[in-house]
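# Coordinates in review
Here are the chains, one letter per residue:
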Amino acid sequence: MTVNLFVILCSLVLWVDNGVHSLQKPVRKFPEGFKFGAATAAYQVEGAWNEDGKGPSIWDDLTHTHPSPISDGSTGDVAADTYHLWKSDVELMKQLGLDFYRFSISWSRILPTGFADQINQKGIDYYDNLITELLKNKIEPMVTLYHWDLPSSLQKLGGLANPLIVEWFEQYARVVFDKFGDKVKYWITINEPKQICYEGYGSTAKAPQLNMTGIAEYICAKNVLLSHAKVYHLYDENYRYKQNGQIGISVSCTWYEPASDTIEDHQAAEDARQFDWGQYIHPIFSKTGDFPLSLKNNVRLRSKEQGFLRSRLPVLSSEEIVYIRGSSDFLGINSYTTKLTYRDASLEGMYPVPSYMDDMSAVMVKDASWPQAQSSWLQSVPWGFYKILTQVRYLYDNPAVWITENGWSTSGGLIDNDRVKYYRTYLSALLDAVEEGSNIKGYTAWSLFDNFEWMSGYADKFGIFEVDFKDPKRKRTPRKSAHVYKEIIRSRSLDMNYEVDDKTVLAPTQVVEKDYVEGY
Ligand SMILES: *[C@@H]1O[C@H](CO)[C@@H](O)[C@H](O)[C@H]1NC(C)=O
């Protein structure tokens, strides 16, 4: 009797354990072949902004404006100096055990005019050396073609608001594939279209600060999708057969949770998701293609009320819909946080009219009970990450997914327990989704290094390696999170109880120091 009860209880516990996320095993294995990486982006880490023939980009222009629009007045002129430290950096990556390194190419470093008339050999050499060194150390390069640093010359011509960007981007991509395509097997065309278009063209939150609210972000959205598709088809038709790689796009995905159980708030959260990432994922990954219906309807109705003769959201022709649909081998997801979302019918004075936010007519707020990072927009909500992964599986027929960014910011310090907790809980949420069938191929920590965090300058530190920006040599030191990530990669598993002694973290890191000095 007692034994029977014991058996029943045990099976009950096992059953609950399999079905409920909160009761996890302390050690969970990642699937066979799952890959771990870390990421950076050219403008945020390279420095050497005008060295060796590099042309200026829109981020050079913005950070050199007076008075500075960057909160700490800083620039990316030197940043983490990876332009000079690439060799010792690869050694750090090797020590960490990375399977791959995601970085971006600075367009104006290899094509200073933006066009292929001048190919800057020193720029080509820099990336070629980096890629060769990575491969020598068995680290796969994952290369982003465009991570926000448009050549200044192309911005003068309208940048992503000019439909010719599609041709310019294709010419740039041809040069990149010709030069590096034999060595690079993972390509990302464009990083975070929403941040490019809404923040850069529909507001002032990013370069080029166009602030043509309600107009330019939608023109940009269409041009981004066509630029991406053009380069996908270029690769697919002219390079894939000989280079045999994969090419996709990285979209930033925030989870929008209804603030209450009303139909209005559920609708607001759904609209926010469709504006935020459906706008870019739906045209590429859905069965029907085209912009999401709710986006089209919302912008059309508002445009009509405002006296526009046509919707401010440009139409995708049936040829364009077909051209864009399916143009990705995988979906790159950059994901960080969740926001509570509600509907406020009046929106009195809240957003400019017309604008993207007004079209969406949703209001986002933070939940004070969620852990807060250094960056005001970032709170830790692992279940929101799980919901994104589940939605993507459900809405887009379970595409191959790479998590191309995920991470946490602090104000500094080597003992980054909050970041360790963030990584563990988010990876655990990822494993929940994987165990339910999500086709997730790999995970990328943002970021390998502290770096220039756009409008926040160097105040928001995302690195699992600390970078000393006061040191002319930009010394790197692994934080506790780097030690924990290293063990996750080594064991190919997530052990919630794995402890790293603070003393180990704070002790001088001999090996790193030595290689760092040699590499320099
Ligand atoms: C951006 O444009 C809107 C009008 O659409 C205006 O209300 C706002 O002040 C502008 N922002 C900046 C920083 O210029």
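Look up a bit, the structure's there.
In what follows, the accompanying structure is described. For clarity, every value in this text was computed on a predicted model and none was experimentally measured.

### Some words on the overall build of the protein
- What the protein contains, in helices and strands, is 19 helices and 15 strands.
- A buried classification covers 59% of the 520 residues belonging to the protein.
- The long-range share in the protein, meaning contacts at least 24 apart out of those at least 6 apart in sequence, stands at 76%.
- Carbon together with sulfur atoms contributes 55% to the accessible area of the protein, which is approximately 21,000 Å² in total.

### Section: the site of the ligand
- Thr204, Asn211, Thr213 and Pro352 make up every residue found near the ligand.
- Within the side chain of Asn211, one N or O atom sits 2.4 Å away from an oxygen atom of the ligand.
- Protein contacts shield 37% of the accessible area of the ligand, which totals 370 Å² for the unbound molecule.
- Taken together, the residues of the shell around the ligand sort by class into one nonpolar, three polar and no charged.

### A look at the sheet that holds strand β9 (residues 338-343)
- Pairing is mixed across the open sheet formed by three strands, whose spatial order is β7-β9-β10. Of all the strands in the sheet, just β7 (255-258) and β10 (362-365) have a single pairing partner and so form its edges. Sheet twist, expressed as the mean angle between neighbouring strand axes with direction ignored, is 40 degrees.
- Bridge count between β7 and β9: four bridges; the pairing is parallel.

Rules and cut-offs
Residues numbered from 1 in each chain as written. Predicted model: local features only at pLDDT ≥ 70, side-chain atom pairs only at ≥ 80, totals over all residues. Heavy atoms only, no water. Helix = DSSP H or I, 4+ residues; strand = E, 2+ residues; numbered from the N terminus. Buried < 20%, exposed > 50% of the residue type's maximum accessible area, 1.4 Å probe, protein only. Contact = heavy atoms within 4.5 Å. Areas by Shrake-Rupley, 256 points an atom, 1.4 Å probe, with all protein chains shown as cover. Near = heavy atom within 4 Å. Polar contact = N/O pair within 3.5 Å; in protein donor to acceptor, adjacent residues only side chain to side chain. Nonpolar A, V, L, I, M, F, W, Y, C, P; charged D, E, K, R; others polar. Pairing = 2+ DSSP bridges. Axes fitted to C-alpha atoms, helices over the stretch in contact; angles between N-to-C directions.

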